[in-house]
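Secondary and tertiary structure notes
As a plain string of letters, each chain reads:
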Amino acid sequence: MVISNPDTSLLIHELRSLIEQTRERVATTVNRELTLLHWHLGKRLREDLLQEVRAPYGEQIVATVSRQLTEEFGRGFSRTNLLYMVQFAEQFPEEKIVQSVIGQLGWTHILAILPIKEPLKREFYTQLCRIERWSVRTLRAKIDGMLYERTALSGKPDDVIQSEIAALRDSDQLTPDLVFRDPYLLDFLGLHDGYSERDLENAILRELEGFLLELGAGFAFVARQKRMTIDDEDFYLDLLFYHRGLRRLVAIELKIGKFTAAYKGQMELYLRWLNRYERQPGEEAPIGLILCSQKSPQQIELLELGTESDIRVAEFFTQHLPPRLLEKELTRALKRAEETVAQRQMEIDTVE
């Protein structure tokens, strides 16, 4: 009698899953421990280097340690890598903070963050990378794309920035100033001169994954051309999203050309309708984002569509901007924001 072999495909699938999950956990643990080891090595080296005021002797210490560790333990302890470890310990002096981030950030993440000189900016990328679970490639793209400079947060006073980043670090609390950017970089859409608003919308839906990546983690697509019937008349919102961290619906209108004051009234109508008919229990009030190919700074300021408003206005670029040009655009925008803050402070001081 011939006995047929039983079907083992389900068994193999389950066993394969167990092996892969265990390997992933082991890799995460090893990566975490190696990163923590690098911090401890950097901390210990830094203690010796700080005691030695003679620079040549400090260099000699690093070179000697590198040579002996490499002979005994192999690769990974080059002079350059040891100096990165020292820099790591210098920029992240508290072990508690290091412990909180190395679950998501490996040593390669750390190497991408170390060149950032400004502490607040460095902390911003560290915490966003932790929360949004960026790959090293994504982290580098965010830094190269000047994400920090494109958030509303970067234009605020240092103490406000520090407070919001601390809330992000301690309780994963996101605010609209951390979530929304200006401008948005939509060069991946492949649009050329002469496109319409419908072309822009279609391109976004075609490249939805890239658009969600540019928006940031936490966004979920809800609808396109969301119909709202008011006084027997149909109105259509271009795009509707939901942000899990903010617990809010996000209404997005796409506009070709300069921002005009009429856009505010249109968005206010949409937000009030969404608040009445779509908002669920436990959610915050909907928030709006008007994406324009060109902003009108004075109109936006007079309409008070700043960081305290439930309507944000941002530019978008569909063509790739060289880093130098992007930096120029952002510097100009940051200067306008600083001037606005200074003007409002002056008004407050005058009243007092």
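Definitions and limits used
- Residues numbered from 1 in each chain as written.
- Predicted model: local features only at pLDDT ≥ 70, side-chain atom pairs only at ≥ 80, totals over all residues.
- Heavy atoms only, no water.
- Helix = DSSP H or I, 4+ residues; strand = E, 2+ residues; numbered from the N terminus.
- Buried < 20%, exposed > 50% of the residue type's maximum accessible area, 1.4 Å probe, protein only.
- Axes fitted to C-alpha atoms, helices over the stretch in contact; angles between N-to-C directions.
- Parallel < 35°, antiparallel > 145°, perpendicular 65-115°, else oblique.
- Left-handed = near helix turned anticlockwise from the far one by under 90°.
- Contact = heavy atoms within 4.5 Å.
- Nonpolar A, V, L, I, M, F, W, Y, C, P; charged D, E, K, R; others polar.
- Patch = residues over 30% accessible without salt bridge, like charges linked within 9 Å, V, L, I, M, F, W, Y side chains within 5 Å.
- Areas by Shrake-Rupley, 256 points an atom, 1.4 Å probe, with all protein chains shown as cover.
- Salt bridge = Lys/Arg side-chain N within 4 Å of Asp/Glu carboxyl O.
- Lys, Arg positive; Asp, Glu negative; His and termini not counted.
- Charge placed at Lys NZ, Arg CZ, Asp CG, Glu CD.
- Pairing = 2+ DSSP bridges.
- Right-handed = clockwise from strand over helix to strand, strands pointing away.
- Arc of directions from axis to C-beta.
- Core = buried A, V, L, I, M, F, W, Y, C linked by side-chain atoms within 4.5 Å.

The next point concerns the side chain of Thr 138. Considering the arrangement of structural elements, one finds Thr 138 in helix α7 (residues 136–144). With relative accessibility at 17%, the residue Thr 138 sits in the buried group.

Right, let's talk about the packing of helix α6 (residues 119–132) against helix α9 (residues 158–171) for a bit. Look at α6 against α9: their axes get within 10 Å of each other, and the N-to-C directions meet at 25°. Taken together, the axis directions place α6 and α9 in an arrangement best described as roughly parallel. Here the hand of the crossing between α6 and α9 comes out left-handed. Each of Leu 120, Glu 123, Phe 124, Gln 127, Leu 128, Arg 130 and Ile 131 in α6 lies in contact with α9, whose residues at this interface are Asp 158, Ile 161, Gln 162, Ile 165, Leu 168 and Arg 169. Taken together, the residues of the contact of α6 with α9 sort by class into 7 nonpolar, 2 polar and 4 charged.

Across the junction of Asp 182 and Pro 183, the peptide omega takes the value 5°, indicating a cis bond. By the secondary structure assignment, Pro 183 is in the loop between α10 (176–179) and β1 (184–185). Positive phi, close to 55°, is recorded for Asp 231, a residue that is not glycine. Within the secondary structure, Asp 231 sits in the loop between β2 (219–230) and β3 (233–243). On the basis of relative accessible area, Asp 231 is assigned to the exposed category, the value being 75%. Of note in the backbone geometry, Asp 232 takes a positive phi value of approximately 60° without being a glycine. As for its placement among the helices and strands, Asp 232 is situated in the loop between β2 and β3.

In this section: a nonpolar patch on the surface. Together, Leu 11, Ile 12, Leu 15 and Leu 18 line one region of the surface with nonpolar side chains, adding up to about 350 Å² of accessible area. Along the chain, the position of Leu 18 falls in helix α1 (residues 9–51). Given the relative accessible area of 51%, Leu 18 is considered exposed.

The grouping of Asp 231, Asp 232, Glu 233 and Asp 234 at the surface amounts to a negative patch. Among the structural elements, Glu 233 can be located in strand β3. For Glu 233, a relative accessible area of 46% translates into the label partly exposed.

Okay, the pairing of strand β6 (residues 311–317) next. Burial of β6 is extensive: 7 of the 7 residues sit out of reach of the surface. In β6, alternate side chains face the same way, and those of Ile 311, Val 313, Glu 315 and Phe 317 on one face and Arg 312, Ala 314 and Phe 316 on the other are all buried. Sheet topology note: the β1/β6 ladder contains 2 bridges and is parallel. Note that in β6 the partner of Tyr 184 across the bridge is Phe 316. Here strand β5 (residues 287–294) pairs with β6 via 5 bridges, running parallel. From the neighbouring strand, Leu 291 faces β6, where its bridge partner is Ala 314. You can see the chain leave β5, run along helix α14 (residues 297–302) and come back into β6, and the turn it takes is right-handed.

Glancing now at helix α11 (residues 197–206). Of the residues making up α11, those classed as buried are Leu 200, Glu 201, Ala 203 and Ile 204. When α11 is viewed along its axis, its buried side chains cluster within an angular range of 165° and face the same direction. On its buried side, α11 packs onto α12 (208–215), β2, β3, β4 (248–258) and β6.

Turning to the sheet that holds β3, a few remarks are in order. Ordered in space as β1-β6-β5-β4-β3-β2, the 6 strands form an open sheet in which the pairing is mixed. Edge strands, defined here as strands with exactly one partner in the open sheet, are β1 and β2. Against the sheet, α12 contacts β1, β2, β3, β4 and β5, and its axis sits at roughly 65° relative to β3.

Core analysis: the biggest nonpolar cluster contains 63 residues, and Phe 124, Tyr 125, Phe 180, Tyr 184, Phe 211, Ile 252 and Leu 291 have the highest contact counts within it. Excluding residues that lie within four positions of it along the chain, Phe 124 makes contacts with Leu 147, Tyr 148, Thr 151, Leu 153, Ile 165 and Leu 178. By size, the runner-up hydrophobic cluster in this structure holds 21 residues, among which are Ala 223, Ile 290, Ile 311 and Val 313.

What follows covers the pattern of salt bridges. In this structure the tally under the stated criterion is 17 salt bridges. Three or more residues joined by partner-sharing salt bridges are found here, namely Lys 156, Asp 177, Glu 308 and Arg 312.

This part covers the pairing of β4. Across the 11 residues that make up β4, a large majority, 8, are buried. Where β3 and β4 come together, 5 bridges link them in antiparallel fashion. Looking across to β4, one finds that Leu 240 is bridged to Ala 251. Counted between consecutive antiparallel strands, the loop separating β3 from β4 contains 4 residues, among which Arg 247 sits at a positive phi close to 55°.

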